[in-house]
Amino acid sequence: MTQKVLLNSKEVNIILHRLACQLIEKHLDFKDTILIGIQPRGTFLANRLKELLEKEYQTPEIKLGYLDITFFRDDFRRTEKPLEANKTNINFIVENKKVIFIDDVLYTGRSIRAALTAIQSFGRPSEIELLVLIDRRFSRNLPIQPDYRGRQVDAINNEKVKVSWKENDGEDAVYLVTN
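Let me begin by describing the structure that accompanies this report.

Cut-off values and rules
- Residues numbered from 1 in each chain as written.
- Predicted model: local features only at pLDDT ≥ 70, side-chain atom pairs only at ≥ 80, totals over all residues.
- Heavy atoms only, no water.
- 1 Å grid on protein atoms, 1.4 Å probe; cavity = no way out; pocket = protein on both sides within 12 Å on 5 of 7 lines; lining within 4 Å.
- Points joined across faces, edges and corners; volume = space filled by probe spheres on them.
- Helix = DSSP H or I, 4+ residues; strand = E, 2+ residues; numbered from the N terminus.
- Nonpolar A, V, L, I, M, F, W, Y, C, P; charged D, E, K, R; others polar.
- Polar contact = N/O pair within 3.5 Å; in protein donor to acceptor, adjacent residues only side chain to side chain.
- Expected span 1.5 Å × (residues − 1).
- Buried < 20%, exposed > 50% of the residue type's maximum accessible area, 1.4 Å probe, protein only.
- Contact = heavy atoms within 4.5 Å.
- Pairing = 2+ DSSP bridges.
- Axes fitted to C-alpha atoms, helices over the stretch in contact; angles between N-to-C directions.
- Salt bridge = Lys/Arg side-chain N within 4 Å of Asp/Glu carboxyl O.

Some details on the layout of surface pockets
Here is step 1: Approximately 220 Å³ is the volume found for the second largest pocket.
Here is step 2: As for the second largest pocket, its lining consists of 13 residues, and the residues nearest its centre are Asn13, Arg48, Glu51, Leu52 and Lys166.
Here is step 3: Every element with two or more residues in the lining of the second largest pocket is listed here: α1 (9-27), α2 (42-56) and α4 (166-169).
Here is step 4: The residue makeup of the lining of the second largest pocket, split by class, is three nonpolar, three polar and seven charged.

Some details on the side chain of threonine 33
Here is step 1: With respect to the element layout, threonine 33 can be found in strand β2 (residues 33-38).
Here is step 2: Looking at threonine 33, its side chain comes within polar contact range of the side chain of histidine 27, at 3.0 Å.

Some words on α2
Here is step 1: Along its 15 residues, α2 runs 21 Å from first to last C-alpha, staying within 8% of the 21 Å computed at 1.5 Å per residue.
Here is step 2: Taken residue by residue, α2 has Gly42, Thr43, Phe44, Leu45, Ala46, Arg48, Leu49, Leu52 and Leu53 as its buried positions.
Here is step 3: In this structure, the buried side of α2 is in contact with α1, β2, β3 (63-67), β4 (98-106), β5 (127-135) and α4.
Here is step 4: Immediately downstream of α2, the backbone of glutamine 58 shows phi near 45°, a positive value.

Some remarks on the sheet that holds strand β7 (residues 159-164)
Across a sheet, strands are paired by hydrogen bonds formed along the backbone, either parallel or antiparallel in direction.
Here is step 1: Spatially, three strands are ordered β1-β8-β7 in an open sheet, and the strand pairing comes out antiparallel. What marks the edges here is a single partner per strand, and that holds for β1 (2-7) and β7. Strand-to-strand twist in this sheet, taken as the mean axis angle between neighbours without regard to direction, amounts to 30°.
Here is step 2: Bridge count for β7 against strand β8 (residues 173-178) is six bridges, and the pairing is antiparallel. Considered in β8, the bridge of valine 161 is made with leucine 176.
Here is step 3: Across the sheet, α1 lies against β1 and β8, angled at about 40° from β1, the strand it touches most.

Some remarks on the sheet that holds β2
Here is step 1: Ordered by their spatial adjacency, five strands build an open sheet running β3-β2-β4-β5-β6, and the pairing between neighbours is parallel. Lying at the two open borders of the sheet, with one neighbouring strand each, are β3 and β6 (148-152). Strand-to-strand twist across the sheet, computed as the mean angle between neighbouring axes with direction ignored, equals 25°.
Here is step 2: Inspection of the sheet shows β2 paired to β3 by five bridges, in the parallel sense. Note that in β3 the partner of leucine 35 across the bridge is leucine 64.
Here is step 3: Packing against the sheet, α1 makes contact with β2, β4, β5 and β6, and its axis sits at approximately 155° to β6.
Here is step 4: Docked against the sheet, helix α3 (residues 110-118) engages β2, β3, β4 and β5, running at close to 155° with respect to β4.

Examining the pattern of salt bridges
Here is step 1: In total, this model carries twelve salt bridges according to the counting rule given.
Here is step 2: Across the pair lysine 26 and glutamate 129 runs a salt bridge, and its minimum N-O distance is 2.4 Å. On the criterion of sequence distance, the pair formed by lysine 26 in helix α1 and glutamate 129 in strand β5 is long-range, its members being 103 residues apart.
Here is step 3: Since its relative accessible area comes to 47%, lysine 26 is described here as partly exposed.
Here is step 4: One salt bridge in this structure joins aspartate 32 and lysine 97, with 3.5 Å as the shortest N-O distance. Placement of aspartate 32 in the loop between α1 and β2 and of lysine 97 in the loop between β3 and β4 is noted, with a sequence separation of 65 residues between them.
Here is step 5: Residues joined by salt bridges that share partners form a network here, namely Lys26, Glu127 and Glu129.

Things to note about the environment of lysine 4
Here is step 1: Along the chain, the position of lysine 4 falls in strand β1.
Here is step 2: For lysine 4 and glutamate 171, which are 167 residues apart along the polypeptide, the C-alpha to C-alpha distance reads 15 Å.
Here is step 3: If we skip the residues at most four places from it in the chain, lysine 4 touches Val174, Tyr175 and Leu176.

Spelled out as structure tokens, the structure:
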């Protein structure tokens, strides 16, 4: 197994600031906007963006929730091992709000399809956008595209994109892993 660095800590930080600025350009005061981190890995990116928006860009009171999509996936019964669900934490109504789904890697699009179904349990958003750190653009099974992307990566079949967050993995980095 080989591992190539796609983004180092400094590059991840630059991308996070760019994504935060793009969100501010479109949503200004975030009064009617909600950030939803898709469990499990999208929560790290969502937390970072919320922190950046509030501390560095003085955007007050951003609503942030976490959405577990485990049992909304179309493949959850196709694995040998039992799946472990994460915790959904959305303690506000999404009815008529602008929702921004946040995930680390957009690959086949199936996670986002599941998130679209799962969010309906919390109301009907007026609009849904997608923000991802990494867009694996040639791997889609569904016609889903991000509204905001940190970096586009062209990875072939046996390559995986691994995102490391310092809160969980001890470093901020993105790797291309080949088996």
